[in-house]
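# Structural description and commentary
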Amino acid sequence: MAKRTAPDDGRDRPSAGLGAERSGDAVQRTGDTVQAVRRQLRDAILRGELAGGEAVTSVGVAERFGVSRTPAREALRMLQEEGFLRGESNQRLRVVEWSPEELETVFSERILLSALCTRLTVPLLTDADVARMEELMGVMDSARANGDHEGWREADAEFHDIHLRGASATLRADLARLFERSWMFRSMWLRNRDESLSYSLNDHPDILDACRQRRPDLGGLAAARHLTRVALTLMTELAPDREPATVREALRLVGAERLSSLRTAEAWDADSNRLRGA
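Read on for a plain summary of the structure. (Residues numbered from 1 in each chain as written. Predicted model: local features only at pLDDT ≥ 70, side-chain atom pairs only at ≥ 80, totals over all residues. Heavy atoms only, no water.)

Turning next to the overall build of the chain. Scanning the chain from terminus to terminus reveals 12 helices and 3 strands. Among the 278 residues that make up the chain, the fraction classed as buried is 44%. Summing over all exposed atoms, the chain offers an accessible surface of approximately 14500 Å²; the carbon and sulfur share of this is 48%. (Helix = DSSP H or I, 4+ residues; strand = E, 2+ residues; numbered from the N terminus. Buried < 20%, exposed > 50% of the residue type's maximum accessible area, 1.4 Å probe, protein only. Areas by Shrake-Rupley, 256 points an atom, 1.4 Å probe, with all protein chains shown as cover.)

Set out below in structure tokens:
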């Protein structure tokens, strides 16, 4: 009996753009299209191109990206599951309107998970990992000086990935989900504001020092402090009348109050007021 050869599914070839005809396995083509539509819609939400409360339909998405309604519906379903879209009783989907309560909740979860993942990762770091973190700090500093927000964001993401990557895939997936949701809040304030790059760099040396010393306790606390600074700064800007009790409690739970070398929440509030020009 002649040996059957597997059909070429085209997975090793560059993918065509959305809506273009591609050869190979139909399931793979559909999956590629769904993921591309999902990614671009999510980015549009994060950039504020799709505002909170705005209605989104499969027909409109299909027309926007030049695809059929089937991958458009699937991409919308995925974004609804991820929390970027909400359904109404009439089955209409709308972009989620981000509340101060959700901002605080998302960052509180990130503080707790980041402290845990950092503590799990620091003992596993190599000298090459630490050297790369040092290099990325230089990249971020240059990006800050040049007002390069995208370059700073990419370097910042890689920097933090290094001290988090030793945790389980499940924990890292949860952190990635929270990061995407919190970036919506951050992008509301970061856009075209160079001073925001400066304040976000302030805690990186502490994280790096803890990683260099292979101190998981200090690394977890430094990571928690960093996210607390970001959270309090954003809340001061976006919800100035709200007392961030959940964020402060998350910081307490990771044990920051036991180290006198860590700055107090009042100091972070002062930084927030300075950035606002108060």
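It is worth spelling out the sheet that holds strand β3 (residues 93–95) at this point. In any sheet, the strands associate via hydrogen bonds between backbone groups, in a parallel or an antiparallel arrangement. Across the sheet, 3 strands lie side by side as β1-β3-β2; this open sheet has antiparallel pairing. Here the strands that pair on one side only, and so sit at the sheet edges, are β1 (55–56) and β2 (85–87). Pairing analysis gives 3 bridges linking β2 to β3, with the strands arranged antiparallel. By the bridge assignment for β3, Leu-85 is matched with Val-95. Sheet strands in contact with helix α3 (residues 69–81) are β1, β2 and β3, and its direction is about 95° off that of β2. (Pairing = 2+ DSSP bridges. Contact = heavy atoms within 4.5 Å. Axes fitted to C-alpha atoms, helices over the stretch in contact; angles between N-to-C directions.)

Bringing the nonpolar core into the picture now. The biggest cluster of nonpolar side chains holds 57 residues, and the ones touching the most others in it are Leu-41, Val-61, Leu-85 and Phe-159. It is helix α10 (residues 216–238) that provides the largest number of residues to this core, a total of 9 residues. The residues touching Leu-41, leaving out its near neighbours within four places in the chain, are Leu-50, Val-61, Phe-65, Leu-76 and Leu-79. Residues Val-106, Leu-164, Ala-167 and Leu-171 belong to the second largest nonpolar core, which totals 8 residues. (Core = buried A, V, L, I, M, F, W, Y, C linked by side-chain atoms within 4.5 Å.)

Time to look at the environment of Thr-118. With respect to the element layout, Thr-118 can be found in helix α4 (residues 100–121). Once the C-alpha coordinates of Thr-118 and Ala-224 are considered, the two residues, 106 residues apart in sequence, prove to be 9.4 Å apart. Setting aside residues up to four positions removed in sequence, Thr-118 forms contacts with His-163, Leu-164, Gly-219, Gly-220 and Ala-223. Looking at Thr-118, its side chain comes within polar contact range of the side chain of His-163, at 3.0 Å. (Polar contact = N/O pair within 3.5 Å; in protein donor to acceptor, adjacent residues only side chain to side chain.)

Moving on, we get to the packing of α10 against helix α11 (residues 245–253). Direction vectors running N to C along α10 and α11 enclose 170°, while the axes themselves pass 10 Å from each other. Comparing the axis directions of α10 and α11 gives the class roughly antiparallel. For the pair α10 and α11, the contacting residues are Ala-224, Arg-225, Thr-228, Ala-231, Leu-232 and Met-235 in the first and Val-247, Arg-248 and Leu-251 in the second. Within the contact of α10 with α11, the residues separate by chemical class into 6 nonpolar, 1 polar and 2 charged. (Parallel < 35°, antiparallel > 145°, perpendicular 65-115°, else oblique. Nonpolar A, V, L, I, M, F, W, Y, C, P; charged D, E, K, R; others polar.)

One pass over the structure, following the stated rule, counts 22 salt bridges. In this structure, Arg-229 engages Asp-203 in a salt bridge whose closest nitrogen and oxygen atoms are separated by 2.8 Å. Residue Arg-229 is located in helix α10, and its partner Asp-203 is located in the loop between α8 (195–201) and α9 (204–212); the two are separated by 26 residues in the primary sequence. Exposure remark for Arg-229: the relative accessible area of 2% places this residue in the buried category. Classification of Asp-203 by relative accessible area gives buried; the value is 1%. Members of the salt-bridge network, linked through shared partners, are Arg-86, Glu-88, Arg-94 and Glu-97. (Salt bridge = Lys/Arg side-chain N within 4 Å of Asp/Glu carboxyl O.)

Interaxial distance between helix α2 (residues 58–65) and α3 falls to 8 Å at its minimum, and their mutual angle equals 115°. In terms of their interaxial angle, α2 and α3 are classed as roughly perpendicular. The handedness of the crossing between α2 and α3 comes out as right-handed. Facing α2, whose interface residues are Ser-58, Val-59, Val-61 and Ala-62, α3 presents Arg-69, Ala-72, Arg-73 and Leu-76. Looking at side-chain class alone, the contact of α2 with α3 contains 5 nonpolar, 1 polar and 2 charged residues. (Left-handed = near helix turned anticlockwise from the far one by under 90°.)

With that settled, consider the environment of Met-184. When you line up the elements, Met-184 lands in helix α7 (residues 169–190). Counting along the chain gives 100 residues from Met-184 to Phe-84, while the straight-line C-alpha distance between them is 9.8 Å.

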